Each structure stands twice: as C-alpha cells, then as structure tokens.
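Understanding the architecture of this molecule
Here is how the chains run, residue by residue.
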Amino acid sequence: MATIPSPHTFRGGIHPAYNKALAAAAPIRELPLPARLTVPMSQHLGAPAKPVVKVGDTVAGGQLIAEAAGFISAPVHAPAAGKVVALEETLTASGRTCAAVVIETAPEQVWQPLPTFPEWRFTDAKQLIDHIGAAGVVGMGGAGFPTRVKLSPPSDKPIDTVILNGAECEPYLTSDHRMMLEHAAEIRIGAEIIRHILGARSLRIAIEDNKPDAIAAMEKAFQDTDGDVAVTVLRTSYPQGSEKQQIFSVTGREVPRGGLPMDVGCVVENVSTAFAVFDAVVNGRPLVRRVITVTGDAITQPANLLAPCGTLYSDLVAACGGMAGQAAKVISGGPMMGFAVSSLAVPTGKTASGLLLLSPKKISDFSSQACIACGRCVDACPMRLSPAELSQCIEADDIDGAEPLALMDCIECGSCAFVCPARRPLVHHMRRGKTVVMARRAAAKKTP
Amino acid sequence: MKPDAPSDLLIISSSPHAHCGESVTRIMLDVVIALMPAFAMSLWLFQWQALRLAGVCVATCLLTEWLCRRAMRRASSLSDGSAVITGLLLAFNLPPALPTWMAVAGSVFAIAVAKQVFGGLGYNPFNPALAGRAFMLISFTGAMTTWSRSPWIQKVAYAAGSATTQATETAVDALTAATPLGFAKEALKAGAPMPLFSDLGLLKDFFLGNVNGCIGETSAAALLLGAAYLLIRRVITWHIPVAYLATVFVYAAILHLVMPGASLPPHVHLLSGGLLLGAFFMATDMVTSPLTRRGMLVFGVGCGVITMLIRTVKTGAYPEGVSFAILIMNAFTPLINRATRNRVFGTKKECARS
Amino acid sequence: MDPITTSTLCIGGIGLASAAALAVAEKYLSVPQDPRIGKVTEMLPGANCGGCGYAGCADYARAIVSGHAECNLCAPGGPACAQAIAAFLGRAAAAMERRVAIVLCCGDDTEALRRAAYNGITDCSAAQATAGGDKGCTYGCLGYGSCGRVCPVNAIRIVNGIAKVDKALCIACGKCVAACPRKLIKLVPAAAEIHVLCSSKDKGPAVKKVCGTGCIGCRICTKLADGAINMDGFLAVVDYAKPLTNEETVAKCPGHCIRKDAPASTPNS
C-alpha cells in the first residue's frame, strides 16, 4: 500500500473559494426520524421505479416499496417503518415532478433486512451484483447511475483499475470527507468487494490534497490490503471529481469521446457508494439514507446530517437551526453543478450530497452581455472545448454550427461560466443546445 | 383576484451558482490604469496638446457610443468602460498638433463605424482605436504625419554632426520634423546610409520618450510599466506581446546582419514607433485577437512580420506599420481561431488503454 | 492608344463577352423547368414562412405543380390564393378557412403568481428547464417571448408577462406552436371568438393557489355551451368543430378565463 502523488493532472479547471471550513469539522449527525417521508420514485439515472405498495399499506424499514423499471433503473426501499398515506407527485430538485410514496413514520421502528454475504470473498460475482442491485445501490456522487449496471461491464471490456472517488471537488460540500474520516474501515471493505466483483488488478483511492486528514485516514484503513493498492493524492482543482478528469489524473488514460470509463479499463465509484456496497453486502441494508452537508452562509448551524431519503429540505434546514437571515438561493448539491430550487418542499434522495443556502451577498447574477472573446473559458474548460464560440452559436440559434464544436462533450461542470467576466450563462446555453441536438436526434430516429 | 404572494422568492438559475468575481468593467479599469504612466509621460512631454487630444477623444467616444446605443434602441453600454479605452488609445496614436476636429472625426468613426455598427463590444472584428487611426491616416495624411517641434525635444539631428544626416534632414519638409522611423525610411528611399542611433545617450531618449512621435507611443519605459501591471493582473498573457516583439527582433536582426548599412539595428526597431504600445495594448485587445494560446502566438508572429514588411520595404509608403499590421491580423483572427482550437479531451489517436 | 480608349475598350469588351457567354449558357445550358412553377410562385404570398411544410414559396410551388401537394396548404395566402392556384392549374380546390394562433393562458403577472425569481436566458425553453420555470402554475405562459421571436410577422407581444397573438396579423404558419415549451399555443379557426384561456390540468383548489384567473373545473361552461365545451379532466376545452356563440359562458365563468375576442380591428385582449 503506498501513497503516491498523482502523476498527471487534467488541463484546465478552476480554483474556486472552497468554504469547506463551514462544515468540515462537523461530525456526521443522525437526523431524528421525521414524522413524514416523501420517498421519490426517481432517485437514480434511468426509468423511475414502479411502486408495489398501495395507500394504507404498513411497511417495515428496508422493505421494498418500488421495483426497478427496466435495466437502467433501481428499486426503492422504505427508509423507515410506517404507513403509506399517499401516492402523489412531488417536486424534485431539478424542477421536474416525479411520483413519490408518502410514508407516515411509526414511533416503533421495525427493520426488515436483506440477505447478507459475510463470505463475499468466496461468493460468485454475479450473486453479489444481483444483491447490490436488489438493494437499490446507485452512484452517490451525484449522477445516480445504478451500481449493478456499472459493476457488470461486458466481457470485452475487462477492468484493471478501480478508482475510489474521494475528491469531493465541489466547494462547500464535506459529506464524502466526513465519510472517509469516520467510516474508512467500511469504505475499505466496500472497495475490496467492488474490486473482487470486477476482478480488477489495481485499486486507487483518489483524494485531493486539500484533505490531508482524509488521506491519512484512508492510508491507515487500507494499510494491509493486499494487491496493488495506493492512495493517489490529486492536485486540488475543480473538477477533479469528474470521472473522466479523475481517470486521467490517476492513470493518464483519456476516456474516448462518447465512450465510458470501461473503454479504458477503469471503473470509478464514489466513496459513499463503496460504503453503500459494504452496507448492502455485509449488513444486508438497502440504500435508504445518506449523509448530506447542509451548509452555506444562510444556515445557522452547518452540519453533516445522516438523513433518510424522503426527508424534506425544510426538515433539514430546521434541524440545522433554521435559516440565518434571508437565503437568496437554495441549492441542491454543490454551487458548481447543483440545482437551484424554488421551494424547500423538495425531498432528498440517494444522490444529492449537499444542501446549500446562500445569502444575497454570495449571489452573482448572470447577464446578457456579449462575449468579449477573452478566452478565459477556453483556458478553464476541462474537456478543452471552446465555450465562447459554442455559446455564441447557440445564442444565435445556430445549433448546426455548435454541434461540430463538440457541444455534446460538455460535462456541464460550470468552470467556463465561473470565470466569464461578462457573466454569461454559458452552461445554460450549453444545456439548451444539447436539448435541441437530442430532440433532433430523437426525431431523426423516428422518421425513416 | 391574484392569490397572496410569498414575501421572499428564491432565485432560480442554471448552474454554476458561484463566480470568480471578475467583470468586464474591472478589466477595462485595469487597462485604463495601465495606460496612466504613458498618459503621464505624454502630459509631461507634450503638455496641453496631450490633454486636449485625450480629453476630446475620450469625450467624443463616450458621446458617440451613447448616441449610437440610443439610435439602435439597445441598452447603454457606457458602463463597461471600453469607450474610454478606445478614446485613450486613439489619442495616444495621434501627433500632438492634430486639429481637434480631426480627432473628433476619428473618434466618431472608431466608435460608430468600427464598433457599434457591428453590434457593440464583442462583435467588432477590428480594433476600434486602430480602425479610427487608419481612417485618419488615410483621410488626413498630412496632419497625421506632421510632428511639430516641441521645446522639450532637442535632438533633431539624430546622428550628431553627420553630414549625411544633414542631407536627410533637409530632404524633409523644413516645417516638420520626422520621427526616427521617418528619418530611416527617407534614408532608405534616398539610398543614403541609415542614421546612426546606437549612441547610448540617444537610446536613453528613446526609452524615456524624448523623441518625436504620437503622444502615447514615445515613452517605452512608461508603456512597459503599464504592460507589467496588465501582466500581473492577468488581464493579458505574454503570448501576443512576446511573439510580436520577438518576431520583430529576429526579423530586424536578420536584416541588419545581411544589410547593415540599409537597416536599423533590432533594438531601435523595438523602441521606435508604436510597437510597444501596439504589442501590449492594441494587439492584445481581447475581442479582436484569437482565443487560444497557440492562436495568440500565431497572431503575434503575423503582426511582427507584417509590421517589419511595411517598415522596411524600400518602395513602401509608410514608415510605420504597427496599426495596419494589427488590423490585417484582426481580419485573420476568425481563421486563426478555427485553425488553433484545442484538441478535445478524449480525441487522442491512441485513446484506448495503454 | 491613350489610357481612356484602352480602358473603355477593355471594360466594354469584357461586358460584351460576358453577355455573349450568358446568352450561350441560357440557350444550351439551361435546366428545363415547368413554366407553371414560376407562375404559381408569383401567386403565393412570398412570405417564405415555411408554414406549408416546404422550404419557401418556390419549393411549395414546385410541389403543387408536380402534384405532391395540395393547393390549400398556404395559410398566409388563405382561401383566395388556394382558389386562384387551383383555377390556374385546372384542379378542384379543397375548402380552406383562415386560422390563427392563440395562447391559451390569461394568467398574466396581475393575476398569476411567480414562485421564484428567474435569472438566466430570456427564453421560455431555457426558463422551463431551470427548476421547472418560475411561474406558480406549471401549465401557464412563462412570458419570455420565445414564440414572439420566431414569429415571421411580429404578431406576438408580451403584455404583463404573458404572450398575446394579434389575430389580424397572424398568418398561422405554426412556428409559435412549435416554439412554446408548454404547448400552450393552438391554431384555431379565425372565425371563432370565444375561447377558454387556460391550460391548467390541476384541480380547482391547486389552481386558485397560484392563479386568480385559472380554470377551476366547475363545469358551468359545459352546460351553457351546447356541446362546444367539454372537460378534459379538470380543464374546460373548446371543441372548435362546433359553433360556440353563447356569451353567457364568458359572463358566468367564475375564474374569468373564458374570454371573447375583441372586434376584428383591435388585437385580441
């Protein structure tokens, strides 16, 4: 086991003010069980889960309440015991609505565990994968990709390196940091399970150099792990936590355009996902709760809360002493890629790792100024695109001109808009352009 | 009846929800600050003329921009500060005795025709100050190439006591005194030997600005000070100025090696004319220069080559080539941008696993 | 020869040579085209709006003459144009009535709530993609003008935060219908004067929370409209195939979302 500085780092990127000190020292605190949980059916990438309970049903904690709807989907389990009181539409962080199962939690909690696999080292990978899928484990770094699918690459894409993503490059957020400090041992087991399933040779734990205590904790936890294991210390730069950029920083390999990490023999999993894998395999716990960093300069007591999925944002804010002054923006996730929400009546899910409340002082409005071609966005883009030219094309509705400029390669990290002196809503333009391209492709598929 | 509205609405917008704090106005302010040393020098050297020209140009630029925006029914853009810079840079490119009305005409052209007609800041293909200067050079050639003798400028005969230089001087209109480059061009055309500028005392004059020229371009020291400020503040990067100046130096050095009698030494080329002003303040104009670092280098080299061509070709009409060189390269910027885009992440030929 | 003569001969010579070349090209290199296409193109209004589904009037004329398209697809040209073309080509003209676009929402900023302060691109699709839009009603008009920007005849204005189509100017090309991310705009017969200006499928109490002038699903209008208004869940929808003249529907609607168009000379209000 070694600690190595990362041999490469991606070109581009930005260095925003991190403001992690607000919550980094706060140990993970369990939120008292809310009276009501609005459990969304869509907490993952892919088709929303289909409810298998009716209004009036009594459910135990951990019980299956919705099954996966297709291959790219995941089941949903009850975060706590109680009674199903409604099946209704709920607002989500992205602004869309989705179906939700509303549970009134019972004062006496009953738990229904899934099967466990204590001898996972000797268990067939397929069994473990199916179990992880049945436990509803999805990528907890933000995208929510069903882990079962990620751990089943096709046989012509062998995996030689598993990378554990402990970068947490978004400003303000500290949930992964605290997980690494407080649950390093469990994360290690989870990582080993993932390595075992994929049959990978190497295991790398990628952490940015602004978290020396987490690096030390992970070093200690992985000390006597056998095989090619190392903690790779990444240069702190946003977006070091982005999959493609991280793979490059750790291994020097570039994921090909339109491709996936498995095309270069890698699989990246967030440290919290590794913990969820451990919890599912060793403890028989489905994924029903996660640590969320509630922070910002408009919250009284920033904290890292362990909250069940389905907790409303208003409950989280209340558990942190309420708002401090007026919040101008409430963001689900981090400031660079998170969603600004219009109300606090939004439930948490498996993926969002942060709730950010920002006062008017910390807000910067977008403007409708023209691009002055300063080139800072071109320097900042980690995918080496030209956001200046792309945004000018899209603004002029010239999507045909934007597509050849690699519009679809944009990862929407926000580095370009962060540096733009003209305060142009660059990511908004990119999203708009991408939506038009995808609509055109869908329409083209329909017509012969 | 409208339902009761909640008192505080949250702001919704696309990500990102953080910003580095930079703004166009801040950048423009930095450029104005960087121009202050050169402006101070121009006030000291040319006194009232410098103040008059700078004031007229800046005021006319601001007024023209305001009127144009109103006529176009667009929001006023005065607050971004770019009109102030255009005015200052245009003034710096004018000879001290230029009539006021010509300065007004040039400023109106620079803002209305070279900038607002295209849509304002960000849409102009050419550097507005240089476009204004080119317009004036072609329309008011006489006035634009007349440098009156200032009591502060003593050295008219640049090679002290040399008979050939006397001849060069009398070849020029007795009422005007040419710039160093002007002298050199005349000598080249007349087939006379180059005036000798290598005297150290003379070089000091070049450096500090004690020579004839446009009000803002004479003092190399002041310009370099401003350029250092811009580089430290990261308003400009080194690519364009270094590429431009290095190209000029190399070109002049080769020429001087090959034809020592018929060319100026490279360090004189660097210090004379509007080269330093052009390389640090005009060629680096963001809107009209390329986006990528590679493109900026190409741009700088192009400017250097064209500048030297204009300056040294025997049959050329102009002693100074910086303005036209930069304008010509501005026209090539879109092409340079297309040719020098970064390689998109993930498009390496050997992208597959190693 | 002096310069003036030389110049004259040169330029004149080039001109004559070019004219001769053009004449030869016209005779030997011309592409045969049905002469009727040119005539039909002239008969069409020349707006090149694309409402017929073809790339401009000349393209549509080509399709008509070759028999691939009917004569009555041109909304700006209207029935007069369709009949003229049909008569010219010796075909029977199908019936055609003038249509106009209408924005089925009357919840402007004096009546409908905004649930957030939107900061971003002034475009309805962009606003919709940002937290589902800043309007309290998730079905209502966002008012950022995407429809107005694609209108080739500037028939759409934003009044008090919602879009309004000027019936007199509208040529029913359909571009605004496609541009609206909430699919609020419909093409309806120009002769129809009474409309339900609401698209909210929410139940009554939910509608009232976010808009003072939305359809609450009370069904009063269905009883007065003699089959011309039907319910789609909790929303009243006009069936434009049936005549609707009973002005009581306008008067008795509790939400005041059923409106009658103003007389033809003024834009609908």
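Computed from a prediction, not measured in an experiment: that's the story for all the values here.

Conventions we followed
- Residues numbered from 1 in each chain as written.
- Chains lettered and ligands numbered in written order.
- Predicted model: local features only at pLDDT ≥ 70, side-chain atom pairs only at ≥ 80, totals over all residues.
- Heavy atoms only, no water.
- Helix = DSSP H or I, 4+ residues; strand = E, 2+ residues; numbered from the N terminus.
- Buried < 20%, exposed > 50% of the residue type's maximum accessible area, 1.4 Å probe, protein only.
- Lys, Arg positive; Asp, Glu negative; His and termini not counted.
- Charge placed at Lys NZ, Arg CZ, Asp CG, Glu CD.
- Phe/Tyr/Trp six-rings, centres within 6.5 Å; stacked < 30°, edge-to-face > 60°.
- Lys NZ or Arg CZ within 6 Å of the ring centre and 35° of its normal.
- Contact = heavy atoms within 4.5 Å.
- Pairing = 2+ DSSP bridges.

**What about the overall build of chain A?**
- Helix and strand counts for chain A stand at 14 helices and 18 strands.
- Residues classed as buried in chain A amount to 62% of the 448 residues present.
- Of the side chains in chain A, 42 bear a positive and 42 a negative charge, and the two mean positions are spaced by 3 Å.

**Focus: the packing of aromatic side chains**
- Here the structure, examined in full by the defined rule, presents eight aromatic pairs over all chains.
- Aromatic pair F135 of chain B and F140 of chain B: ring centres 6.2 Å apart, planes at 80°, arrangement edge-to-face.
- Exposure remark for F135 of chain B: the relative accessible area of 25% places this residue in the partly exposed category.
- Overall, the relative accessible area of 13% leaves F140 of chain B in the buried class.
- Cluster of aromatic residues (ring-pair linked, three or more members): W101, F109, F135 and F140 of chain B.
- Above the face of the W111 of chain A ring, R285 of chain A is positioned so that its terminal group lies 4.3 Å from the ring centre.
- In this structure, K27 of chain C packs its charged tip against the face of Y28 of chain C, placed 5.7 Å from the ring centre.

**Some words on the side chain of R52 of chain B**
Residues and elements named next belong to chain B.
- As for its placement among the helices and strands, R52 is situated in helix α2 (residues 48-71).
- Among the residues examined, R52 registers a relative accessible area of 13% and is labelled buried.
- In contact with R52, other than residues within four places in its own chain, are P96, A97, L98, P99 and T100.

**Details of the pairing of strand β10 (residues 161-165) of chain A**
All names here are of chain A.
- Most of β10 is tucked away, with five of its five residues classed as buried.
- With burial as the criterion, each face of β10 is covered, one bearing T161, I163 and N165 and the other bearing V162 and L164.
- Note that β10 and strand β11 (residues 202-208) share five bridges and pair parallel. When the bridges of β11 are listed, I163 appears paired with R204.
- Bridge analysis of β10 against strand β13 (residues 266-270) gives five bridges, and the strand direction is parallel. Paired with L164 across the bridge in β13 is E269.

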